Amino acid sequence: DVVKGWNIIAGILPNEAITADSQIKASDIKAVWYYAPDLKKYIQIHPNLDMSAQIDDDVALTSAMWVYSDKAGRLKYSTLEDYMPLDLRQFSSGYNFFTITPDIEGLTFEDIGGGCNIEKIFGWDSSVQNWVVFPLDEDFHKDTMGLGLIVKVSSDCTLNKPSESNGVSPPPIIPSC
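Remember, it's a predicted structure, so these values are computed and weren't measured experimentally.

What counts, and at which threshold
- Residues numbered from 1 in each chain as written.
- Predicted model: local features only at pLDDT ≥ 70, side-chain atom pairs only at ≥ 80, totals over all residues.
- Heavy atoms only, no water.
- Helix = DSSP H or I, 4+ residues; strand = E, 2+ residues; numbered from the N terminus.
- Buried < 20%, exposed > 50% of the residue type's maximum accessible area, 1.4 Å probe, protein only.
- Contact = heavy atoms within 4.5 Å.
- Lys, Arg positive; Asp, Glu negative; His and termini not counted.
- Charge placed at Lys NZ, Arg CZ, Asp CG, Glu CD.
- Phe/Tyr/Trp six-rings, centres within 6.5 Å; stacked < 30°, edge-to-face > 60°.
- pLDDT = per-residue confidence, 0-100.
- Disulfide = S-S within 2.5 Å.
- Pairing = 2+ DSSP bridges.
- Axes fitted to C-alpha atoms, helices over the stretch in contact; angles between N-to-C directions.

Colleague: Hey, could you go over the overall build of the protein chain for me, with residue numbers and the actual values?
Modeller: On a plain count of helices and strands, the protein chain comes out with 3 helices and 10 strands. Going from N to C terminus, the protein chain has its helices and strands arranged as β-α-β-β-α-β-β-β-α-β-β-β-β. In terms of principal-axis extent, the alpha carbons of the protein chain reach across some 75 × 35 × 30 Å. When each of the 177 residues of the protein chain is scored for burial, the buried share is 40%. A fraction of 75% describes how many contacts in the protein chain between residues 6 or more apart in sequence connect residues 24 or more apart. In the protein chain, 13 side chains carry a positive charge and 25 a negative one; their mean positions are 8 Å apart.

Have a look at this one:
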């Protein structure tokens, strides 16, 4: 669901991805902006794609983006790229737009943070058009899938998914003397 105004959602190319049964049509989307963390600047995606920007399409389309809609309603669209596994999702030092995806349902940033020193996480409360703090220990749940967050990290890093070992690991190898 999107509101009239600014929303942060999974990456979209409105003219190519919106499904026929969507309440929000491509004509309702007035602007889409991608934040390129490595360039530390915004790149316009819609209505005019900034072709001068040297960005990785796979990374851009699997990141969250600012989307401005002229009306509220359910926006249904197909993602144009498969989301990278967590252990390949990288953050650049500073601010990064992050999409909440089904593979992290039930987890928290504490679970997936890996070697990232996460300084702050913000969500955009589209109903009041203002920032909210997103806690490190808040679970990602079904209702948040497809939404975007802004994550500030102190240095370049990669996320990781916790192992499926249920906390049971073999004893460490101790060399005999």
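The rest of the description comes next.
Colleague: Can you lay out the packing of aromatic side chains for me, pointing to particular residues and giving the numbers?
Modeller: The tally for this structure, following the rule as stated, stands at 15 aromatic pairs. Measuring from centroid to centroid gives 6.3 Å for Y42 and F97, while their planes differ by 80°, and the two rings are edge-to-face. Of the two residues, Y42 is situated in strand β3 (residues 41–46) and F97 in strand β6 (residues 94–99); the sequence distance between them amounts to 55 residues. Residue Y42 is classed as partly exposed on the basis of its relative accessible area of 41%.

Colleague: I'd like to hear about the confidence of the model for the protein chain, residue by residue, with values.
Modeller: Summary statistics for the protein chain give a mean pLDDT of 87 and a share of 92% for residues scoring 70 or more. Here helix α2 (residues 57–61) stands out as the least confident element of the protein chain, with mean pLDDT 75; strand β4 (residues 64–69) is the most confident, with 95.

Colleague: Tell me what's going on with the state of the cysteines, and back it up with residues and numbers.
Modeller: In a disulfide, the sulfur atoms of two cysteines are held together by a covalent bond. Across all of its chains, the model carries 1 disulfide by this definition. At a sulfur-sulfur separation of 2.1 Å, the disulfide partner of C116 is C157. Classification of the bridge connecting C116 and C157 rests on its S-S torsion, roughly 100°, and on that basis the disulfide is right-handed. Of this pair, C116 sits in the loop between α3 (109–112) and β7 (118–125) while C157 sits in strand β10 (residues 157–158), placing them 41 residues apart in sequence. When sorted by exposure, C116 lands in the same class as C157, which is buried.

Colleague: Account for the sheet that holds β4, naming residues and giving values.
Modeller: One open sheet accounts for 4 strands, arranged β1-β4-β2-β3; its pairing is antiparallel. The open sheet terminates on both sides in strands that have one partner only, identified here as β1 (5–10) and β3. The average angle at which neighbouring strand axes cross in this sheet is 30°, direction not considered. Bridge analysis of strand β2 (residues 29–36) against β3 gives 5 bridges, and the strand direction is antiparallel.

Colleague: How would you summarise the environment of L61 if you had to cite specific residues and measurements?
Modeller: Locating L61 in the fold gives a position in helix α2. Since its relative accessible area comes to 11%, L61 is described here as buried. Between the C-alpha atom of L61 and that of P85, which follows or precedes it by 24 residues, the distance is 14 Å.

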